[in-house]
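# Results of the structural survey
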Amino acid sequence: MRSVQRWLGADAALVAGGLFLTVLAVKTPWSGLPLTVVAVAGTLASLAQWWRRRWPQAAAVAGATGYALSGNPGPLLVGLYAAGAYAPRRHAWWLVVVGWAGATGWNWLDAGRLSWWDATYVAVAAAATLGLGAHVATRRALQDAWRERAERADTERVLRDEQARVAERARIAREMHDVLAHKVSLIALHAGALELTADGGAERVREGAGVIRVTAREALAELRTVLGILEADAQPYTDLESVVADARSAGQRVELANGAGELLPSTARVVQRVVQEGLTNARKHAPGAAVAVTVARDEGAVSVVVTNPVTGGGLDLPGSGAGLVGLAERLRLVGGALESGPDPGGWRLCATIPYPAPEAS
């Protein structure tokens, strides 16, 4: 809406400028033809520029005719510029001829002769005016194309981020499927055994009920991390030491300081994903650099920090560029947080994962 208003304002200003020059052409006068012819030709040529975007060829012809009959150069310059900006490029040559004819026609009618210098100067001026319009139009088209490309890239980035989040949720669901199925099957097994041995005494009943209670509590803890997430393919779970050992076997220098001890499986899986992502990014962007992995736990959370120095270059490894987005989504689902960015002399990835306090037996 704002651009349309600017266009209308520019159109009105150009038409008003042409009419003002027509008044000057009549009063001075700028042509030896009758003043009525000068006034009508200048007015019609000026008004024609209102539609120069829709009919640029007609605007150029009107401007050339108006100049030849009134001596008013405004509509001719505007018309030639519009022809360069809005008319098809294949029409450029004859529009230059039209502009040249209009200008030389005024010279002929005013002076009764036309020198080679005047003819050459007018041709160059007409071509330059039309060429300026074509240049500005090309530059504007390029700017629009770059803007559209940037907007499309923004849209694609948002879509990739959303796909990464959905994929991470689905990955968690599949990872947890086997764990939850195992826990529930244990509950069913112990409940069946308790039913069969109900006559075995209070101690056997108490023992079986305790096992069921612990197993159910663990199953609920696992279920909280995947509630509402769809199931899809996932990678099998491996312990943290195995992840680091695989990286070392591939030639990566990794120092692991694991002070968290034994963790719940759901938390251990998140820690593993953070470390995997940190090691992968270090291999891609800082090959050969030593990577430090620190895992710690306090009463309410587990922290994972992966740091590496900056090296001279990165490896050309494939990737979607959305690994950190998916990891951040995984942490968000369990109530955690992820931070990544430059560190003095290198790069730092830090994750905080809430960890429940041990429940009393």
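Residues numbered from 1 in each chain as written. Predicted model: local features only at pLDDT ≥ 70, side-chain atom pairs only at ≥ 80, totals over all residues. Heavy atoms only, no water.

The protein is annotated in an unreviewed UniProt entry as histidine kinase of Cryptosporangium japonicum.

In this section: the pairing of strand β2 (residues 291–297). Direction of pairing for strand β1 (residues 254–258) relative to β2: parallel, over a ladder of five bridges. By the bridge assignment for β2, Val254 is matched with Val291. As paired elements, β2 and strand β3 (residues 301–309) share six bridges and run antiparallel to each other. Looking at the pairing, Ala296 lines up with Ser303 of β3. Following β2, the chain reverses through three residues before pairing antiparallel with β3. (Pairing = 2+ DSSP bridges. Helix = DSSP H or I, 4+ residues; strand = E, 2+ residues; numbered from the N terminus.)

Turning our eyes to something else, we now look at the packing of aromatic side chains. Taken as a whole, this structure holds zero aromatic pairs when the rule is applied. The ring of Trp55 is capped by Arg54, whose NZ or CZ atom sits 5.4 Å from the centre of that ring. Positioned above the aromatic ring of Trp146 is the side chain of Arg149, whose terminal nitrogen or guanidinium carbon lies 4.7 Å from the ring centre. (Phe/Tyr/Trp six-rings, centres within 6.5 Å; stacked < 30°, edge-to-face > 60°. Lys NZ or Arg CZ within 6 Å of the ring centre and 35° of its normal.)

Take the packing of helix α2 (residues 35–48) against helix α3 (residues 56–70) next. Any two packed helices are characterised by how steeply their axes cross, that is the angle between the axes, and by the distance between the axes. Between α2 and α3, whose axes approach to 8 Å, the crossing angle comes to 160°. Put simply, α2 runs roughly antiparallel to α3. Judged by the twist between their axes, the crossing of α2 over α3 is left-handed. Facing Val37, Val38, Ala41, Gly42, Ala45 and Ala48 of α2, the residues of α3 in contact are Ala59, Ala62, Gly63, Gly66, Leu69 and Ser70. Split by residue class, the contact of α2 with α3 holds eight nonpolar, four polar and no charged. (Axes fitted to C-alpha atoms, helices over the stretch in contact; angles between N-to-C directions. Parallel < 35°, antiparallel > 145°, perpendicular 65-115°, else oblique. Left-handed = near helix turned anticlockwise from the far one by under 90°. Contact = heavy atoms within 4.5 Å. Nonpolar A, V, L, I, M, F, W, Y, C, P; charged D, E, K, R; others polar.)

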